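What the coordinates show
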Amino acid sequence: AAPASTRVPGVRRTLVLALMARIPIGALSLLIILAVRETGRSYALAGVASGCCALGMAISAPLMGRLMDRLGQTTILLASAAATTVTFAGFAALPATAPDWACVAVAGLCGLALPPVSASVRVIWRSMLDSVTFNRVVTLDASLQEISFMIGPLVLVTLATQIGAAEALAVTGVVWAAITIAFGL
């Protein structure tokens, strides 16, 4: 039988979608490195692009939180889903002849666009659960989150080796957006 904390209507669905939405986070930096290297560019540039993506994530988190407070979670989740699709596809479409600064800039935009699903799910649970059940679900979520961080690199690097890193990045953007839309709605 399922633990009582996950029997509350809506908890399982949000838990599963939030975990799925976190899978790319653990592998995004590696996927960007692979995509940059696939075009014949240096590891140094790949590292800078990956770091710029991480910087974009760090910058966007508090901004997305403020925007969610003002405009609502659904609006921001749907907008970030669209932005994720566009920026990831844009990065994947960069030609090998694109200037190095373009790789770095678009990687930063990829980080800025990431959907704030983790923050959103905790707000949702806070509104639907009592404090004891909320703490149990958040503890379960934190434990399961580690699984998504382990699965991400395995899934995305495998995908990158099968279809190409740029293509894997584009597919990741579309799938991530779909999961975010499902979560947001």
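This text gives an overview of the structure that appears in the document. No experiment lies behind these values; they were computed from the predicted model shown.

With that settled, the discussion passes to the overall build of the protein chain. In terms of regular secondary structure, the protein chain is built from 8 helices and 0 strands. Helices (α) and strands (β) of the protein chain occur, in sequence order from the N terminus, as α-α-α-α-α-α-α-α. In terms of overall size, the protein chain behaves like a compact globule, its C-alpha atoms giving a radius of gyration of 17 Å where 185 residues would be expected to give roughly 16 Å. In terms of principal-axis extent, the alpha carbons of the protein chain reach across some 55 × 35 × 25 Å.

Let us now look at the environment of Arg41. By the element assignment, Arg41 lies in the loop between helix H2 (28-38) and helix H3 (43-71). As for Arg41 and Glu167, which are separated by 126 residues in sequence, their C-alpha atoms are 17 Å apart. Residues within four places of Arg41 in sequence aside, it is in contact with Val36, Pro95, Ala96, Thr97, Ala98, Pro99, Asp100 and Cys103. A distance of 3.2 Å separates the side chain of Arg41 from the side chain of Asp100, its partner in a polar contact.

Moving on, we come to the packing of helix H6 (residues 117-128) against helix H7 (residues 131-163). Axes are the key here: two packed helices are described by the angle between their axes and the distance separating the axes. Packing of H6 against H7 leaves a shortest axis separation of 10 Å and a crossing angle of 155 degrees. What the angle tells us is that H6 and H7 run roughly antiparallel. Relative to H7, the crossing made by H6 is right-handed. Of the residues in H7, those in contact with Arg122, Trp125 and Arg126 of H6 are Phe134, Val137, Val138, Asp141 and Gln145. Considered class by class, the residues forming the contact of H6 with H7 number 4 nonpolar, 1 polar and 3 charged.

Attention now moves to the pattern of salt bridges. Summed over the entire model, instances satisfying the criterion amount to 3 salt bridges. Among the salt bridges present, the one from Asp100 reaches Arg41, with a minimum N-O distance of 3.2 Å. Pair noted here: Asp100 is in helix H5 (residues 100-113) and Arg41 is in the loop between H2 and H3, with a separation of 59 residues, a long-range link. Residue Arg122 pairs with Asp141 through a salt bridge whose shortest N-O separation is 3.1 Å. Of this pair, Arg122 sits in helix H6 while Asp141 sits in helix H7; the two residues are 19 residues apart in sequence, bridging distant segments of the chain. In this structure Arg122 comes out as partly exposed when scored by relative accessible area, which is 28%. Using a relative accessible area of 0% as the deciding quantity, one classes Asp141 as buried. Here the salt bridges do not stand alone but share partners, grouping Arg22, Arg122 and Asp141 into one network.

Right, let's talk about the packing of aromatic side chains for a bit. Applying the stated criterion to the full structure yields 1 aromatic pair. Lying over the aromatic face of Tyr43, Arg37 brings its terminal NZ or CZ to 4.1 Å of the ring centre. Above the ring of Phe134, the side-chain terminus of Arg126 is found at 3.7 Å from the ring centroid.

So, about the nonpolar core. The biggest cluster of nonpolar side chains holds 43 residues, and the ones touching the most others in it are Leu28, Ile32, Val36, Phe88, Phe91, Leu94 and Trp125. Of all the secondary-structure elements, those providing two or more residues to this core are helix H1 (11-22), H2, H3, helix H4 (73-93), H5, H6, H7 and helix H8 (165-184).

The next thing to look at is the packing of H4 against H8. At a minimum axis distance of 8 Å, the contact between H4 and H8 shows a crossing angle of 175 degrees. Looking at the two axes, H4 sits roughly antiparallel to H8. Between H4, through Thr74, Leu77, Leu78, Ser80, Ala81, Thr84, Thr85, Phe88, Phe91 and Ala92, and H8, the contact on the second element is made entirely by Ala166, Leu169, Ala170, Thr172, Gly173, Val174, Trp176, Ala177, Thr180, Ile181, Phe183 and Gly184. Tallied by class, the residues present in the contact of H4 with H8 amount to 14 nonpolar, 8 polar and no charged.

Turning our attention to the side chain of Gln73. The topology assignment puts Gln73 in helix H4. Once you skip the residues sitting within four places of it in the chain, Gln73 turns out to touch Met68, Ser120, Val123 and Ile124.

What counts as what
- Residues numbered from 1 in each chain as written.
- Predicted model: local features only at pLDDT ≥ 70, side-chain atom pairs only at ≥ 80, totals over all residues.
- Heavy atoms only, no water.
- Helix = DSSP H or I, 4+ residues; strand = E, 2+ residues; numbered from the N terminus.
- Rg over C-alpha atoms; globule rule 2.2 N^0.38 Å.
- Contact = heavy atoms within 4.5 Å.
- Polar contact = N/O pair within 3.5 Å; in protein donor to acceptor, adjacent residues only side chain to side chain.
- Axes fitted to C-alpha atoms, helices over the stretch in contact; angles between N-to-C directions.
- Parallel < 35°, antiparallel > 145°, perpendicular 65-115°, else oblique.
- Left-handed = near helix turned anticlockwise from the far one by under 90°.
- Nonpolar A, V, L, I, M, F, W, Y, C, P; charged D, E, K, R; others polar.
- Salt bridge = Lys/Arg side-chain N within 4 Å of Asp/Glu carboxyl O.
- Buried < 20%, exposed > 50% of the residue type's maximum accessible area, 1.4 Å probe, protein only.
- Phe/Tyr/Trp six-rings, centres within 6.5 Å; stacked < 30°, edge-to-face > 60°.
- Lys NZ or Arg CZ within 6 Å of the ring centre and 35° of its normal.
- Core = buried A, V, L, I, M, F, W, Y, C linked by side-chain atoms within 4.5 Å.

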